[in-house]
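In case you want the letters, here they are:
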Amino acid sequence: MEATGLGASPFSSFHSPLGMTPRNQLQSYPIFYRRLRPPISPLSTLSSMPKVAKHRADHHQFRLLVTSASVTEFAEQEAGIESGTDSQQQEEKFDWYAQWYPIMPVCDLDKRVPHAKKVLGIAVVVWWDRNENEWKVFDDTCPHRLAPLSEGRIDQWGRLQCVYHGWCFSGSGDCKFIPQAPPDGPSVHTSKKACVAVYPSTVQNDIVWFWPNSSPQYKDILTKKAPPYIPELDDPSYTKLMGNRDIPYGYEVLIENLMDPAHVPYAHYGIMRVPRPKNRAKADREGGRPLEISVKEFNVNGFYAKQEWGNSRFTAPCIFSAFTPIVGDQSDGSVPVGTKEGPSSHVPTKRFLLIFICIPVSPGNSRLIWTFPRNVGVWVDRIVPRWIFHVGQNLILDSDLYLLHVEERKIMDIGPSNWQKACFVPTKSDALVVGFRRWLNKYAGGQVDWGNTFSGVLPPTPPREQLMDRYWSHVVNCRSCSMAYKGLNVLEVVLQVISIASVGFVATAKQGLLSAAARNTLVSFAVLCFVASRYLSYFVYKNFRYHDYNHALR
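Since this is a predicted model, take the numbers as computed values, not measurements.

Novice: Explain the state of the cysteines residue by residue, including any values.
Specialist: Following the criterion strictly, the structure yields zero disulfides and no others. For the unlinked cysteine C162, the closest cysteine sulfur is that of C142, found at 3.8 Å. Not part of a disulfide, C478 finds its nearest cysteine sulfur in C481, a span of 3.7 Å. Since its relative accessible area comes to 1%, C478 is described here as buried.

Novice: Tell me what's going on with the pattern of salt bridges, and back it up with residues and numbers.
Specialist: Considering all chains together, one arrives at 15 salt bridges under this definition. The salt bridge involving D155 is made with R159; its shortest N-O contact spans 2.9 Å. Like R159, D155 is buried. Among the ionic pairs, D381 bridges to R374, the shortest N-O distance being 3.1 Å. Look at D381 and you get buried, because its relative accessible area is 13%. Using a relative accessible area of 4% as the deciding quantity, one classes R374 as buried. The network of salt bridges with common partners includes E132, E134 and K136.

Novice: Requested: an account of a nonpolar patch on the surface, with residues and values cited.
Specialist: The grouping of V490, L491, V494, I498 and F525 at the surface amounts to a nonpolar patch, some 390 Å² of accessible area in total. Inspection of the secondary structure assignment puts L491 in helix 11 (residues 479–508).

Novice: Summarise the layout of surface pockets; cite the residues concerned and give the values.
Specialist: Empty space among the atoms becomes apparent when a probe as large as a water molecule is rolled across them. Estimated volume of the largest pocket: approximately 600 Å³. Surrounding the largest pocket, 25 residues form its lining, K136, V198, Y199, P200 and K219 being those nearest its centre. Elements with a minimum of two residues in the lining of the largest pocket: strand 4 (134–139), strand 9 (198–199) and strand 10 (201–204). Among the residues making up the lining of the largest pocket, the classes are represented as 12 nonpolar, eight polar and five charged.

Novice: Tell me what's going on with empty space enclosed by the protein, and back it up with residues and numbers.
Specialist: In total, this model carries three cavities of 30 Å³ or more according to the counting rule given. As a volume, the largest cavity reaches approximately 170 Å³. Lining the largest cavity are 18 residues, and of these E252, E408, M412, Q447 and L458 sit closest to its centre. Within the residue set of the lining of the largest cavity, elements represented by two or more residues are helix 3 (251–258) and helix 7 (401–414). Of the residues contributing to the lining of the largest cavity, the split by class is nine nonpolar, six polar and three charged.

Novice: Would you mind going over the packing of aromatic side chains in detail, with residue names and values included?
Specialist: Applying the stated rule across the entire model yields 24 aromatic pairs. Considering the side-chain rings of F436 and W439, the 6.2 Å spacing of their centres and the 20° angle between planes classify their relative orientation as stacked. Residue F436 and its partner W439 are both found in helix 9 (residues 431–443); the two are separated by three residues, about one turn of the helix. Assessed through its relative accessible area of 0%, F436 is described here as buried. On the basis of relative accessible area, W439 is assigned to the buried category, the value being 0%. Linked through ring pairs, F94, W96, Y251, F298, F303, F314, F436, W439 and Y443 together constitute an aromatic cluster.

Novice: So what about the sheet that holds strand 11 (residues 207–210)? Which residues, and what values?
Specialist: Ordered by their spatial adjacency, three strands build an open sheet running 1-11-10, and the pairing between neighbours is antiparallel. Here the strands that pair on one side only, and so sit at the sheet edges, are strand 1 (101–105) and strand 10. Mean inter-strand twist for the sheet, computed between neighbouring axes without regard to direction, equals 30°. Bridging between strand 10 and strand 11 involves four bridges; their strand directions are antiparallel. Note that in strand 11 the partner of V203 across the bridge is V208.

Novice: Describe the side chain of N244, with residues and values.
Specialist: With respect to the helices and strands, N244 occurs in strand 12 (residues 242–247). Of note is the side chain of N244, whose polar atom sits 2.9 Å from the side chain of D108. Sequence-distant contacts of N244, that is, excluding residues within four places in its chain, are made with M104, P105, D108, L368, I369, W370, H474 and N477.

Novice: How would you summarise the pairing of strand 2 (residues 115–119) if you had to cite specific residues and measurements?
Specialist: Going residue by residue along strand 2, you find H115, K117 and V119 tucked away on one face and A116 and K118 left uncovered on the opposite face. Strand direction decides the pairing type here: strand 2 and strand 3 (residues 122–129), joined by five bridges, are antiparallel. Bridge pairing in strand 3 places K118 opposite A123. Joining the antiparallel neighbours strand 2 and strand 3 is a turn of two residues, in which L120 adopts a positive phi near 55°.

Novice: Tell me about the nonpolar core, and name the residues and values.
Specialist: Among the nonpolar cores identified, the biggest contains 82 residues, and F314 and W439 are the most heavily contacted of them. Per-element accounting of this core gives the leading share, eight residues, to helix 9. In this structure, W439 is in contact with F94, Y251, F298, N299, V300, N301, G302, F303, F314, A316 and A444, ignoring residues within four places of it in sequence. With 15 residues, the next largest nonpolar core counts V125, L149, W167 and V196 among its residues.

The rules behind these values
- Residues numbered from 1 in each chain as written.
- Predicted model: local features only at pLDDT ≥ 70, side-chain atom pairs only at ≥ 80, totals over all residues.
- Heavy atoms only, no water.
- Disulfide = S-S within 2.5 Å.
- Buried < 20%, exposed > 50% of the residue type's maximum accessible area, 1.4 Å probe, protein only.
- Salt bridge = Lys/Arg side-chain N within 4 Å of Asp/Glu carboxyl O.
- Patch = residues over 30% accessible without salt bridge, like charges linked within 9 Å, V, L, I, M, F, W, Y side chains within 5 Å.
- Areas by Shrake-Rupley, 256 points an atom, 1.4 Å probe, with all protein chains shown as cover.
- Helix = DSSP H or I, 4+ residues; strand = E, 2+ residues; numbered from the N terminus.
- 1 Å grid on protein atoms, 1.4 Å probe; cavity = no way out; pocket = protein on both sides within 12 Å on 5 of 7 lines; lining within 4 Å.
- Points joined across faces, edges and corners; volume = space filled by probe spheres on them.
- Nonpolar A, V, L, I, M, F, W, Y, C, P; charged D, E, K, R; others polar.
- Phe/Tyr/Trp six-rings, centres within 6.5 Å; stacked < 30°, edge-to-face > 60°.
- Pairing = 2+ DSSP bridges.
- Axes fitted to C-alpha atoms, helices over the stretch in contact; angles between N-to-C directions.
- Polar contact = N/O pair within 3.5 Å; in protein donor to acceptor, adjacent residues only side chain to side chain.
- Contact = heavy atoms within 4.5 Å.
- Core = buried A, V, L, I, M, F, W, Y, C linked by side-chain atoms within 4.5 Å.

Shown next, in the form of structure tokens:
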């Protein structure tokens, strides 16, 4: 894929149609987020570490203890974190459980079945309630024997049925039917203990959102605080294809990687090519260069940054966006707030937005939803299937996946809150990453608050083929890729059948029934079908199952 218009944006050709980099303007959107929990001690995880890991951690801790506080100040100044950017008092904390969280794009949810998802360590089931014509988000636990409701079905009356014993629940979480209860006995299904916990949920911008607290006091939270609204995703003049993937490293590493434009020519070499300024010689094969990035605003809600090619914004906790300044906007370049009631009045003629939604799933796991609305070249998305775009986008994610998986474990060894002292980040190209880590430490306790669900210990590293698996992390969760996967597998079998049938027909045909030319044509056709089937098998495996990436051989 080739980038031609965004300079060194983090994913400058990650998401343009057919790998072509957009030449148009980008812009972000408004989001509302607040507060977090008290900080966690960076040394608190050492006592539970294995001996080898603890030895490494001790080594890093020694380095950290002898590092003065001036290193942090030096890194922030050199990386473009301007002094005096804090606009709120330090004591204000970010509350992870007082936010709306996206779960999945509606386009990738099947209304016929319940879907198991996890956010902030909370296991939920998402299902379509046809009686109320809306998506519901329940706790993924049947109150009977704690079986997962996501393994159940939606019955003929539109109720969510637990497949273990047949208990049925309405969209309000009330139990409507217990098959084992005598019809002339007490109405045990009306007991509060028979109800399922229901989370507040809504659909906005074609994404299902939920509030991670099922307490009755939050039943009407939508009237007090709405999820972030992105006007472009409801604008019919924009294309808005979405994608999602489960990522085998944590939320923090996912966000900072998306914020890092300097890694693009190296980690994605051969996939993404970032143009260099004219009259500037390449310092190396990949074309890395100094980048001017500075953080201009910084508070509990996130931060805003300026780059040489445009601007970017992190809106806590999930959203990172990249955009160019609006034409004719005389403000500081920040993105105007749009709402359903009053969208922004700024309407540039050509616009392209990069929107990344990073969801904390569990320690060492996250989910990425991406969408790149634009109002140019819309016809391309109407012709080209969505799975074609996902092939290239997944390759980009795979090319640095193993690096980041290992990096996260090293960060946990030294303690997340000590990241900036352990990492040497002396250039402005790291300003966004340094800004995110600063926000995380200052307002968010240094890491995601998992409550009582997880201790924060990372899961063991699986074999490389399992770690970089595409089928379970993306294909089964993407309706377009899932249909393409099934269709291509059917086509492979059809080609093999045609090949065998052609050879069989030639072999059994009576002498004189077929001319020599006809025989040769059928045999050639059979060979071509067989070769095509083998190539198709290779293509399916590489693009829907597993595609390794060896940087040393690029």
